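Report on the structure
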Amino acid sequence: MFEKLVNIICNYVEVEPENVHPESRFMEDLGFTSFDFMSMLGELEEELDVEIDEHEAANIRTVQEAADYLEKLKAEE
Amino acid sequence: MMRKRKGYPVYPLTAAQKFHFFYQNFCPKKEVLNIGTSLTIGVDLDFEELKKAIYKAYERCDSMRLRFAHDKEGTYYQYVVDKEERDIEFVDFTEKTMEEAEEIMKEWTRVPFKRDDSPMNRIVMIKTPDGFQGIYLLVDHMTMDAQSLICFLKDIIELYCNAKYEGVPYPKDMASYIEQVQRDLAYEADSKAQAKDAEYFQKLIESSEPIYNGIDGPGALEAERKRSGNLNARAAINVSDSVDSALDIFHLEAEPTKRLMDFCEKYHVSLATLLLMGLRTYFQKMNGNDDVSINTAIARRATLKEKKSGGTRIHSFPFRTIISPDHTFLEGVYMIRDLQNEYFRHANYDPVAYFAYRSKLYPNPQGQTYEPMSLTYQPLTLKEKGLDKLGDIQYKTKWYPNGATTQAMYLTVMHRPEDNGLDFNFEHQVKAVSREKLEYLYYYLCRILFKGVENPDLSIGDIIKLV
């Protein structure tokens, strides 16, 4: 999940995949805006065939938190 | 239906373009869509090399080569020509004062484009009286927005620096404009995504009728109720009969700006969220309504392809919040953040369709509105976007008003890269909103914001009483 997420992240911000770490924060470290983040959720929904609650997702700060959240959604399916 | 123009394939206008086209049609001053800016730096430039960089940037940015044409029915189309062939002008202002130079650039910004089959931008290489050198850039809002304009300027700088200085890498490719247009058009052609977005906004509109809040209180709405004899009227006219506009800029210093940014980082919210909270609380204070609507602009550039494709992508929607004064400031901020996030997920929806649906549901006389103003937050500056290549070299950016606006008041908040402060740019109809009213709004907006960020657990009601 982490690798998949990193590939998608690199479509949104100018960052090399090797510079995306589990503890990287979307806003502060990777330069995401909230619009970037919400748009990425849309892509992740299609890619992973899950439904993401934007209110829940608003509390995600790091790449690892996002990966864990997505894993959880997949497991709940 | 037009299929080709001058040998180039043509494409319909996107929803974002139609929105601009729609209000330009109603505006007697066609320059209403002009955006003028200058970027100058404190070193001697090699103007021949700069000219080459500009031509190269034209080549790399499709929407700077965009043309419009209409068919027999008057429907407008767009197409992209292969290359820019005009000479790049050069103007030396060094014999003039800064005020005179700026006045001339303002005048340039007030010349409308021909539109049909002709270029929709103008670039002039300039030397200014302060010893700085650079470029003046004028674009039409149907072809570029502030973010694509900044991206284009950044590209010129990077191309110039690559040619002039060793070790500066060649900039990465720009993205295709037409590819993004095709994506937008596919969305608009009755897609599932569009149906989902329409459902979201229609439900929101159907929830209940909004209410107008005035910059200086409920006077305009009360006057409308008296005039119409309808004591339940909820919309009012806030524009004047003249579209003549002025631009008034208020500067927030670096230190207080940092306090706002620290709050945003701590509570994981954007500055746009905080600004919306401040503005809607101001209107709540002035009008006594918990129900406040403000127009907000969404740049719709998330992917790198969208960020680098040029063009105009902004969609503006009314942003309505109903927040009781019993809520704390922080609760209000989070309510706004959550609603913004919902909007972001549905932001591809056509704003003209939004307004059409709302007018159908709540028919009001033409010209009446529920929104006293519009807000745009522009997070991008040239500092992050290329000028870091110039090291410690000083530079200046300036935006020139086109002198016309169809809205009573439009606030654009931008970061000031020179000192990390914020500029609050109020473009307003001169006859509708005076500078004094803006000073009052700005003063109380700041008081609300700082009272709130320093006391996030204070109730909105208390903040309104205390400021």
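The rules we used
Residues numbered from 1 in each chain as written. Chains lettered and ligands numbered in written order. Predicted model: local features only at pLDDT ≥ 70, side-chain atom pairs only at ≥ 80, totals over all residues. Heavy atoms only, no water. Axes fitted to C-alpha atoms, helices over the stretch in contact; angles between N-to-C directions. Helix = DSSP H or I, 4+ residues; strand = E, 2+ residues; numbered from the N terminus. Parallel < 35°, antiparallel > 145°, perpendicular 65-115°, else oblique. Left-handed = near helix turned anticlockwise from the far one by under 90°. Contact = heavy atoms within 4.5 Å. Nonpolar A, V, L, I, M, F, W, Y, C, P; charged D, E, K, R; others polar. 1 Å grid on protein atoms, 1.4 Å probe; cavity = no way out; pocket = protein on both sides within 12 Å on 5 of 7 lines; lining within 4 Å. Points joined across faces, edges and corners; volume = space filled by probe spheres on them. Core = buried A, V, L, I, M, F, W, Y, C linked by side-chain atoms within 4.5 Å. Buried < 20%, exposed > 50% of the residue type's maximum accessible area, 1.4 Å probe, protein only. Buried area = accessible area lost by both parts, 1.4 Å probe. Salt bridge = Lys/Arg side-chain N within 4 Å of Asp/Glu carboxyl O. Polar contact = N/O pair within 3.5 Å; in protein donor to acceptor, adjacent residues only side chain to side chain. Expected span 1.5 Å × (residues − 1). Pairing = 2+ DSSP bridges. Right-handed = clockwise from strand over helix to strand, strands pointing away. Disulfide = S-S within 2.5 Å.

Residue and element names in this part refer to chain B. Contact geometry for helix α9 (residues 271-287) and helix α11 (residues 329-345): axes closest at 9 Å, N-to-C directions at 120 degrees. When the axes of α9 and α11 are compared, the pair comes out oblique. Where α9 crosses over α11, the handedness of that crossing is right-handed. Counted together, A272, T273, L274, L276, M277 and R280 of α9 and F329, G332, V333, I336, R337 and Q340 of α11 form the full contact between these two elements. Looking at side-chain class alone, the contact of α9 with α11 contains seven nonpolar, three polar and two charged residues.

Let us now look at empty space enclosed by the protein. Residue and element names in this part refer to chain B. Overall, the coordinates contain three cavities of 30 Å³ or more when judged by the stated rule. Within this model, the second largest cavity holds a volume of roughly 60 Å³. Looking at the lining of the second largest cavity element by element, the count peaks at four residues for helix α5 (residues 177-188). Residue composition of the lining of the second largest cavity, by class: two nonpolar, seven polar and two charged.

Counting 96 residues, the largest nonpolar core has I9(A), F26(A), L274(B) and F424(B) as the members making the most contacts within it. Here the element with the most residues in this core is helix α13 (residues 435-454) of chain B; it accounts for 10 residues. When near neighbours in sequence (up to four residues on either side) are disregarded, L274(B) contacts L260(B), F263(B), C264(B), F329(B), V333(B), L449(B) and V453(B). Counting residues in hydrophobic clusters, the runner-up holds 31 residues, among them F47(B), L50(B), A53(B) and C161(B).

On to the side chain of E49(B), then. Among the structural elements, E49(B) can be located in helix α2 (residues 47-60). Apart from the residues lying within four places of it in its own chain, the contact partners of E49(B) are Y160(B), A163(B) and K164(B).

Before going further, it helps to spend a moment on the interface of chain B and chain A. The interface is formed by 21 residues belonging to chain B together with 24 residues belonging to chain A. Of the roughly 2,000 Å² buried at the junction of chain B and chain A (both faces included), carbon and sulfur atoms supply 51%. The largest contributions to the chain B side of the interface with chain A come from H268(B), L304(B) and R345(B), which together make up 34% of the buried area. If you look at where chain B meets chain A, you find five salt bridges. Linking chain B with chain A are nine residue pairs in polar contact (both at pLDDT 80 or more). Secondary-structure elements contributing two or more residues to the side of chain B that touches chain A are α8 (254-267), α10 (304-307) and α11 of chain B. Among the elements that take part in the side of chain B that touches chain A, α11(B) stands out by supplying six residues, more than any other.

A word on the pattern of salt bridges. Residue and element names in this part refer to chain B. Applying the stated criterion to the full structure yields 42 salt bridges over all chains. A salt bridge links K106 to E103, with the nearest nitrogen and oxygen atoms 3.8 Å apart. A residue pair is termed a helical-turn pair when its members lie 3 or 4 positions apart in one helix, as K106 and E103 do in helix α3 (residues 98-109) at three residues. Taking the relative accessible area as the measure of exposure, K106 reaches 27% and is therefore partly exposed. Note that D145 and R301 form a salt bridge whose closest N and O atoms lie 3.0 Å from each other.

Here the second largest pocket defines a volume of roughly 1,200 Å³. S39(A), G42(A), E43(A), E46(A) and N348(B) are, among the 34 residues lining the second largest pocket, the residues nearest its centre. Ranked by the residues each element gives to the lining of the second largest pocket, the list is headed by helix α2 (residues 34-48) of chain A, at seven residues. In terms of residue class, the lining of the second largest pocket is made up of 10 nonpolar, eight polar and 16 charged.

Residue and element names in this part refer to chain B. With 14 residues, α2 extends 20 Å between its outermost C-alpha atoms, agreeing within 8% with the 20 Å of an ideal straight helix rising 1.5 Å per residue. Within α2, burial applies to F47, E49, L50, K51, A53, I54, A57, Y58 and R60. In the core, the buried residues of α2 are packed alongside β7 (89-92), β8 (121-127), β9 (133-140) and α4 (146-164). Its side-chain oxygen 3.2 Å from the backbone nitrogen of E48, D46 forms the N-cap of α2.

All names here are of chain B. Of all seven residues in β8, five are buried; the element is thus mostly enclosed. The sheet contact formed by β7 and β8 spans four bridges and is parallel. Within β8, the residue paired with F90 across the bridge is M125. Viewed along the sheet, the connection from β7 through α3 into β8 turns out right-handed.

Here we take up the state of the cysteines. Residue and element names in this part refer to chain B. The final tally for this structure, using the stated rule, is zero disulfides over all chains. The closest cysteine sulfur to the non-disulfide-bonded C264 is located on C446, 14 Å from its own sulfur. Taking relative accessible area as the criterion, C264 reaches 5% and is therefore assigned buried. Relative accessible area serves as the criterion here: at 11%, C446 is assigned to the buried category.

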